Amino acid sequence: MDLDDYRQEAEAFVSALDREYYLHFSGRQDEFAIEAIYERHARLFSRESVEALRETDNRTLLKFAAEGYVEQALKDLSAEFARLEASLEVEVDGETYPYRQAAVVQANEADASRRRALEAARNELVARRLNPLLREMFDRSRELVRDLGWPSVRAMTEELSGIDLGALREQTDSFLAATEADYEATVEPPLRAQLGLGFDELERADLAAFFRAPSLDEQFPAERLLPTFDETRAGLGLENGSPGNVIVDAEPRPNKTPRAFCAPVRVPEEVYLVLTRVGGREDYETLLHEAGHAEHFSHVDRALPVEHRYLGDNSVTEGFAFLFQHLTEDPAWLERRLGIDDPGPIVEHARASKLVFLRRYCAKLAYELDLQGEGDPAGLDALYAQRLSDAVHVDWPDTSWLIDVDPFFYVAAYLRAWALETHLRRELRTRFGEVWFEDPRAGDLLRELWSIGQRERADELLRRLTGAELDFSALLD
Ligand SMILES: [Zn+2]
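What counts and what doesn't
Residues numbered from 1 in each chain as written. Predicted model: local features only at pLDDT ≥ 70, side-chain atom pairs only at ≥ 80, totals over all residues. Heavy atoms only, no water. Helix = DSSP H or I, 4+ residues; strand = E, 2+ residues; numbered from the N terminus. Buried < 20%, exposed > 50% of the residue type's maximum accessible area, 1.4 Å probe, protein only. Contact = heavy atoms within 4.5 Å. Phe/Tyr/Trp six-rings, centres within 6.5 Å; stacked < 30°, edge-to-face > 60°. Donors = N, O, S within 2.8 Å, 3.2 Å for Na, K, Ca; no water. Expected span 1.5 Å × (residues − 1). 1 Å grid on protein atoms, 1.4 Å probe; cavity = no way out; pocket = protein on both sides within 12 Å on 5 of 7 lines; lining within 4 Å. Points joined across faces, edges and corners; volume = space filled by probe spheres on them. Salt bridge = Lys/Arg side-chain N within 4 Å of Asp/Glu carboxyl O. Core = buried A, V, L, I, M, F, W, Y, C linked by side-chain atoms within 4.5 Å. Axes fitted to C-alpha atoms, helices over the stretch in contact; angles between N-to-C directions. Parallel < 35°, antiparallel > 145°, perpendicular 65-115°, else oblique. Left-handed = near helix turned anticlockwise from the far one by under 90°. Nonpolar A, V, L, I, M, F, W, Y, C, P; charged D, E, K, R; others polar. Pairing = 2+ DSSP bridges.

A. Representation of the overall build of the chain. Looking only at helices and strands, the chain features 20 helices and five strands. The dimensions of the chain, computed from C-alpha atoms along their principal axes, are 60 × 55 × 45 Å. In the chain, buried positions account for 60% of the 477 residues. Considering only residue pairs separated by 6 or more positions, the chain has 75% of its internal contacts joining residues 24 or more positions apart.

Below you can see the structure in the form of structure tokens.
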């Protein structure tokens with residue numbers, strides 16, 4: 001196989017797919033015509049290509065081809081799913097909302113009973129309309145992975161990513177055990193401050209409103225949102241490096257997905273940062289998170305092969321996203337960028353939210369190892385609900401046992417990214433002090449790390465930078 005031909009076509013495909021994703025999920029275009037893109041590039045994901053890449057030592061391209069083999073076979077179902085999701089409406093008390101907007105409405109809803117009604121209506125749609133399709137996609141993907149000769153998605157992911165998911169799970173299980181005793185005591189004070197609820201009354205329907213933290217809104221004014229992003233880039237000396245490569249799309253549109261995202265359509269020269277404004281602190285957090293991705297992709301060396309610019313270990317790009325996201329809870333950044341002199345409540349809320357998230361993701365990894373293993377999936381909806389309920393300490397519905405799963409263990413990328421970010425942040429503070437985000441030398445270091453894209457896995461990057469091992473227990477501090 002001619003690897004350079006393959007690379008060229010892979011880049012055309014990824015770029016076209018990301019563009020379609022951007023146009024659809026930013027609400028600019030109703031259609032989500034991914035089938036044609038897969039058809040145009042079908043040879044990338046043929047059995048022959050997978051077999052030929054097996055003969056090379058390029059595991060990153062083999063992973064791309066093998067995952068693509070599964071995804072192209074599911075493309076009609078995926079497109080059907082996206083269209084269905086975009087067409088659904090949630091009805092509560094005679095008012096209707098587009099399904100994708102309902103989560104935002106719920107996060108902004110001050111009244112607990114309305115939050116719960118919205119959640120119940122959303123769950124009902126997931127169960128009745130979305131789950132049948134998700135189940136079909138799940139069953140098909142298992143068969144497809146077996147067609148390629150791997151016994152499970154887990155086995156395929158571990159072999160091709162070089163990440164030992166079982167070892168990661170040992171670390172995340174230890175984290176769950178180590179944080180169990182103090183969990184409620186850490187979360188309850190800010191929970192009461194935001195929602196007036198304790199764990200005895202808390203439901204999953206309330207969590208998004210807790211993360212949203214309306215009482216902190218005043219300190220995060222909407223008109224400072226985009227300027228703080230520009231000032232942060234300027235502080236790091238980044239605005240000179242990639243003029244125009246990052247395109248911020250913050251306009252509201254009815255069918256814009258409530259989940260902010262970064263679409264690296266052409267790396268490094270055309271990277272979209274898409275934001276749906278929810279209001280307050282959360283807009284800052286999501287903007288900075290996606291900005292971390294956007295800065296990473298827009299600084300990658302153009303000369304690198306496609307697999308290092310677009311593919312590889314996503315723990316790396318997520319780590320940079322978390323690094324930027326964390327600024328919105330960093331007392332020094334809050335003081336400099338927003339003039340906040342008492343960051344106490346913000347820091348306390350952030351700590352509690354992060355603990356909820358980390359425990360949720362630890363539980364998700366344990367569950368997904370069962371779901372994506374070799375066993376029968378019967379009863380796994382109950383296992384999902386059990387694990388999540390135990391970790392988060394709320395009654396977690398089993399309805400979302402499939403919709404809560406990102407493909408090919410992306411959950412592990414988040415978990416490893418949290419660990420990477422903790423190490424990176426420590427290193428930046430050690431080298432450049434508490435206000436590292438105003439030191440162009442920190443920007444230079446980041447630029448250097450970004451320039452190699454995802455050529456190194458998160459553990460390799462960290463070992464080269466500091467000599468440390470990427471261990472999830474770093475989060476315990
Ligand atoms: Zn991210």
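Having seen the model, we can carry on.
B. Structural detail: the packing of aromatic side chains. Following the criterion strictly, the structure yields 26 aromatic pairs and no others. Note on Y361 and W418: the rings are 5.5 Å apart at their centroids and 70° apart in plane angle, and the pair reads as edge-to-face. With Y361 in helix α16 (residues 344-371) and W418 in helix α18 (residues 410-432), this residue pair connects regions lying 57 residues apart in the sequence. Residue classification places W418 among the buried positions, given a relative accessible area of 7%.

C. Spatial organisation of the coordination of the zinc ion. Protein-derived coordination of the zinc ion comes from H289 (NE2), H293 (NE2) and E318 (OE), at a distance range of 2.1 Å. Donor residues for the zinc ion sit on one chain with the sequence pattern H-x3-H-x24-E. Taken as a pair, H289 and H293 lie in helix α12 (residues 280-298) at a separation of four residues, close to a single helical turn. Of the residues examined, H293 reaches a relative accessible area of 5% and is grouped as buried.

D. A look at helix α17 (residues 380-392). The end-to-end C-alpha distance of α17 is 18 Å, a good match for the 18 Å that 13 residues give at a rise of 1.5 Å each. Every buried residue of α17 is accounted for by L380, Y384, A385, L388, S389, A391 and V392. On the buried face of α17, the contacting elements are α9 (165-195), α10 (204-212) and α16. Phi turns positive, to about 65°, at H393, one or two residues after α17.

E. Highlighting the layout of surface pockets. In this model, the second largest pocket occupies a volume close to 580 Å³. As for the second largest pocket, its lining consists of 23 residues, and the residues nearest its centre are R351, K354, L475, L476 and D477. At the level of secondary structure, the elements contributing two or more residues to the lining of the second largest pocket comprise α9, α16 and α18. The dominant element in the lining of the second largest pocket, judged by the number of residues it contributes, is α16, at six residues.

F. Structural view of the pattern of salt bridges. The final tally for this structure, using the stated rule, is 55 salt bridges. E124 serves as the salt-bridge partner of R128, at 2.5 Å between the closest nitrogen and oxygen. Of this pair, R128 and E124 both sit in helix α7 (residues 112-147), four residues apart, which is roughly one turn of the helix. E231 is paired through a salt bridge with R224; the nearest N and O atoms lie 2.9 Å apart. Classification of E231 by relative accessible area gives partly exposed; the value is 28%. A single salt-bridge network, built from bridges that share partners, covers D313, R416, R457, D459, E460, R463 and E469.

G. Here's a closer look at the nonpolar core. One finds F64, L415 and W436 to be the most contacted residues of the largest nonpolar core, which totals 157 residues. Leave out the neighbours within four places in its chain, and L415 touches L168, T172, Y361, C362, L365 and F472.

H. Representation of the packing of α16 against α17 in the model. At a minimum axis separation of 8 Å, α16 and α17 run at an interaxial angle of 155°. The angle between α16 and α17 falls in the class roughly antiparallel. α17 is crossed by α16, and the crossing has right-handed handedness. Only L380, L383, Y384, R387, L388, D390, A391 and V392 of α17 make contact with α16, whose side of the interface consists of V356, R359, R360, A363, K364, A366, Y367, D370 and L371. Taken together, the residues of the contact of α16 with α17 sort by class into eleven nonpolar, no polar and six charged.

I. A look at unusual backbone geometry. Look at the link from V267 to P268: it is a cis peptide, with omega at 10°. Note on placement: P268 falls in the loop between β4 (261-266) and β5 (270-274). Even without being glycine, D93 reaches a positive phi, approximately 50°. Among the secondary structure elements, D93 is positioned in the loop between β1 (89-92) and β2 (95-98). Assessed through its relative accessible area of 64%, D93 is described here as exposed. A positive phi is found at A213, a non-glycine position, where the angle reads about 50°. Mapped onto the fold, A213 is located in the loop between α10 and α11 (225-235).

J. Representation of the sheet that holds β4 within the structure. Reading across the sheet, the three strands line up as β3-β5-β4 and stay open at both edges, with mixed pairing between neighbours. Bordering the open sheet on either side are β3 (246-249) and β4, each of which pairs with just one other strand. Strand-to-strand twist of the sheet, defined as the mean angle between neighbouring strand axes without regard to direction, takes the value 20°. By the bridge criterion, five bridges tie β4 to β5 in an arrangement that is antiparallel. The partner of A263 across the bridge, within β5, is Y272.

Keep in mind these values describe shape, not function.
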